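Survey of secondary and tertiary structure
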Amino acid sequence: MIKKADIILAVALIIVGLAMSYILSFGQATGQQLIVSCDGEKFGSYSLFEDKEIIIDRDGHINKVTIKNGVVSMSFSDCHGQDCVHQGEISLSGETIICLPNKVVLEISGGDTKYDTLSK
């Protein structure tokens, strides 16, 4: 049986977790370049200061990456779950978008950062 104290504790822990996420996101610098890796190997490096669309066609799988106004998004993927597409935009140093089924990793680098990576 769930007691009132259990619910209050759960809500308090959720609020503290969200607050810490928000606080830790400060201090991250805007990145300068995008590093794309496919199956653990470097596919390419691209400046965030130049708008561009990158098509990654490997092993029968297609991913489309969009760089626009200094932010990066996975605009298309033929993977089943589409988690990488729904993750949204990234622009801070250390942020990543990962498409596990297609083995594609997008990582923002450059700029000063306090942390190795950030996840949403």
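The sections below set out a description of the structure shown in this document. Worth saying up front: this structure is predicted, and the values here are computed from it rather than measured. (Residues numbered from 1 in each chain as written. Predicted model: local features only at pLDDT ≥ 70, side-chain atom pairs only at ≥ 80, totals over all residues. Heavy atoms only, no water.)

1. A few points about the sheet that holds strand β4 (residues 61–68)
Two strands in a sheet stick together by hydrogen bonds in their backbones, pointing the same way (parallel) or opposite ways (antiparallel). Judged by pairing direction, the sheet is antiparallel, and its 4 strands sit side by side in the order β3-β4-β5-β6 without closing on themselves. Edge positions in the sheet fall to β3 (52–58) and β6 (89–90), since each of these pairs with one other strand and no more. Sheet topology note: the β4/strand β5 (residues 71–77) ladder contains 6 bridges and is antiparallel. Directly across from N63, in β5, lies its bridge partner S77. (Pairing = 2+ DSSP bridges. Helix = DSSP H or I, 4+ residues; strand = E, 2+ residues; numbered from the N terminus.)

2. Focus: unusual backbone geometry
The general pattern is negative phi for most residues beyond glycine and trans for most peptide bonds. Its identity is not glycine, yet N69 carries a phi of approximately 55 degrees, on the positive side. When you line up the elements, N69 lands in the loop between β4 and β5. The phi dihedral of Q82 falls on the positive side, at around 65 degrees, and the residue is not glycine. Locating Q82 in the fold gives a position in the loop between β5 and α2 (83–86). Since its relative accessible area comes to 22%, Q82 is described here as partly exposed. (Buried < 20%, exposed > 50% of the residue type's maximum accessible area, 1.4 Å probe, protein only.)

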